[in-house]
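Here is how the chains run, residue by residue.
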Amino acid sequence: MPERRIQELERAAARHWQAPDTEPLGEWLLRAAAGFTGRANSALPLGDPGRPLPEAVTAVETWYRRRGLRPMIVLPQGAAPDHLANHLNERGWVPRPGPAFVMVADIAGLPASPAGVEFTTEPDEGFLGLYRYRGQDLPAIARTLMMSAPWQAFGSIRRDGRAVAVGRVSVAGDLGVLTAVEVDPAYHRQGLGTAITAGLAAAAARRGATRILLQVETTNDPARALYVRCGFRDSHRYHYMTAP
């Protein structure tokens, strides 16, 4: 069933970007990481929270406010509990900007990995010098999140000794996930997006992954087009709701 498949993907993806502060709420998962990234600072509402829906949402609100964070819940399309979105609307919760697609691919169907993608086990100066989350400098907790998967590696393509394309790949089980992919604007339209994507996917395959997943905002048409050309297809959408 599509709902079960989406839930399985979302639970698997949660292992690749693990907040340092987590707590179960029944089958839901509460996550906090000083406010850096939506995935690490939102409740993942899959399955039964172990209490009536209004009480579960109140528990979410209390948990995040105790940590000085605005309460937030991610809603994977087709997998969140029935009536949750309507209930949040009734309580005055509002959508956070930046809905996104989850895209997936079989690694065997992706382009061959080119030569020249270098890997490190931790984000080095070149990686940190290029990667920006939503155009912002990275807070200290970003490193904790980037090193939170069972296994991860940081790829880069260099020109004249400088990183011009970077990305993080992580693996848990048979699933690889791509995050923090960035290409220097001065090197756009030179095939580096495809090259770093293929190189990261190949690294995941070497660790036993057969599938690969990534998230891309619905408005990022150039990135979506690149990933479609590489062999990725949409799985589902998600968006965040935040408390008033």
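What you see is a predicted model, and the numbers here were worked out from it, not measured in a lab.

Undergrad: Explain the overall build of the chain here, please?
TA: Counting secondary structure elements, the chain contains seven helices and eleven strands. Over its C-alpha trace the chain gives a radius of gyration of 18 Å, about what one expects of a compact globule, namely 18 Å for 244 residues. Projecting the C-alpha coordinates of the chain onto the three principal axes gives extents of approximately 55 × 40 × 30 Å. For the chain, restricting intrachain contacts to residue pairs at least 6 apart in sequence, the fraction spanning at least 24 positions comes to 71%. Between the averaged position of the 28 positive side-chain charges in the chain and that of its 24 negative side-chain charges there is a distance of 2 Å.

Undergrad: When you look at the packing of aromatic side chains in this model, what are you seeing that I'm missing?
TA: On inspection of all chains with the given rule, the structure shows five aromatic pairs. With a centroid separation of 5.7 Å and 85 degrees between ring planes, the pair formed by Y238 and Y240 is classed as edge-to-face. Ring pairs connect the aromatic residues F127, Y131 and F154, which therefore count as one cluster. The ring of W63 is capped by R67, whose NZ or CZ atom sits 3.7 Å from the centre of that ring. Over the ring of F101 we find R237; its NZ or CZ atom is 5.4 Å from the centre of that ring.

Undergrad: Please explain helix α7 (residues 221–230) as it appears in this structure.
TA: Because an α-helix packs 3.6 residues into every turn, residues spaced three or four apart end up facing the same way. Those residues of α7 that fall on the buried side of the exposure criterion are A223, R224, L226, Y227 and C230. What you see down the axis of α7 is that its buried residues fit within an arc of 160 degrees, all on one side. Exposed and facing more than 90 degrees away from the buried side of α7 are D221, P222 and R229. Contacts from the buried residues of α7 go to β5 (100–106), β9 (175–183), α6 (192–206), β10 (211–217) and β11 (233–242).

Undergrad: Which parts of the structure should I look at to understand the pattern of salt bridges?
TA: If charged atoms from side chains of opposite charge come close, those side chains can pair. Under the counting rule described, the total for this entry stands at ten salt bridges. Close ionic contact of R67 with D21 constitutes a salt bridge, the shortest N to O distance being 2.6 Å. In this pair, R67 is assigned in the loop between α2 (53–66) and β3 (72–76) and D21 in strand β1 (residues 21–25), connecting sequence segments 46 residues apart. R162 is the partner of D184 in a salt bridge, and the nearest nitrogen-oxygen pair spans 2.8 Å. Of the two residues, D184 sits in the loop between β9 and α6 while R162 sits in strand β8 (residues 162–172), which places them 22 residues apart along the sequence. Taking relative accessible area as the criterion, D184 reaches 12% and is therefore assigned buried.

Undergrad: When you look at the layout of surface pockets in this model, what are you seeing that I'm missing?
TA: Space left empty within the atom packing is revealed by a probe, the size of a water molecule, rolled over the atoms. Put simply, the largest pocket is a space of about 1400 Å³. Around the largest pocket, the lining is made up of 44 residues, and of these V181, V216, N220, A223 and Y227 lie nearest the centre. Elements supplying a minimum of two residues to the lining of the largest pocket: β9, α6, β10, α7 and β11. Looking at the lining of the largest pocket, the element that brings in the most residues is β9, giving seven residues.

Undergrad: So what exactly am I meant to see when it comes to the packing of α6 against α7 here?
TA: Each packed pair of helices is defined by two parameters, the angle between the axes and the distance between the axes. Running from amino to carboxyl end, α6 crosses α7 at an angle of 55 degrees, the nearest separation of the two axes being 10 Å. Looking at the two axes, α6 sits oblique to α7. Taken as a pair, α6 and α7 cross one another with a handedness that is right-handed. Contacts between α6 and α7 involve G193, T194 and T197 from the first element and L226, Y227 and C230 from the second. Partitioning the contact of α6 with α7 into residue classes produces three nonpolar, three polar and no charged.

Undergrad: Any chance you could explain the environment of V169 here in plain terms?
TA: Relative to the helices and strands, V169 is located in strand β8. Separated by 41 residues in sequence, V169 and L128 place their C-alpha atoms 15 Å apart. In this view, V169 contacts F119, W151, Q152, A153, V177, L178, L200, A203 and A204; residues no more than four positions away in its chain are not counted.

Undergrad: Looking at this model, I keep getting lost on the environment of H87. Mind explaining?
TA: Looking at the secondary structure, you find H87 in helix α3 (residues 84–90). Judged by its relative accessible area of 14%, H87 falls in the buried class. A sequence separation of 21 residues divides H87 from A108, and the C-alpha atoms of the two residues are 42 Å apart. Aside from chain neighbours lying at most four places away, what touches H87 is L53, P54 and V57.

Calculation rules
Residues numbered from 1 in each chain as written. Predicted model: local features only at pLDDT ≥ 70, side-chain atom pairs only at ≥ 80, totals over all residues. Heavy atoms only, no water. Helix = DSSP H or I, 4+ residues; strand = E, 2+ residues; numbered from the N terminus. Rg over C-alpha atoms; globule rule 2.2 N^0.38 Å. Contact = heavy atoms within 4.5 Å. Lys, Arg positive; Asp, Glu negative; His and termini not counted. Charge placed at Lys NZ, Arg CZ, Asp CG, Glu CD. Phe/Tyr/Trp six-rings, centres within 6.5 Å; stacked < 30°, edge-to-face > 60°. Lys NZ or Arg CZ within 6 Å of the ring centre and 35° of its normal. Buried < 20%, exposed > 50% of the residue type's maximum accessible area, 1.4 Å probe, protein only. Arc of directions from axis to C-beta. Salt bridge = Lys/Arg side-chain N within 4 Å of Asp/Glu carboxyl O. 1 Å grid on protein atoms, 1.4 Å probe; cavity = no way out; pocket = protein on both sides within 12 Å on 5 of 7 lines; lining within 4 Å. Points joined across faces, edges and corners; volume = space filled by probe spheres on them. Axes fitted to C-alpha atoms, helices over the stretch in contact; angles between N-to-C directions. Parallel < 35°, antiparallel > 145°, perpendicular 65-115°, else oblique. Left-handed = near helix turned anticlockwise from the far one by under 90°. Nonpolar A, V, L, I, M, F, W, Y, C, P; charged D, E, K, R; others polar.

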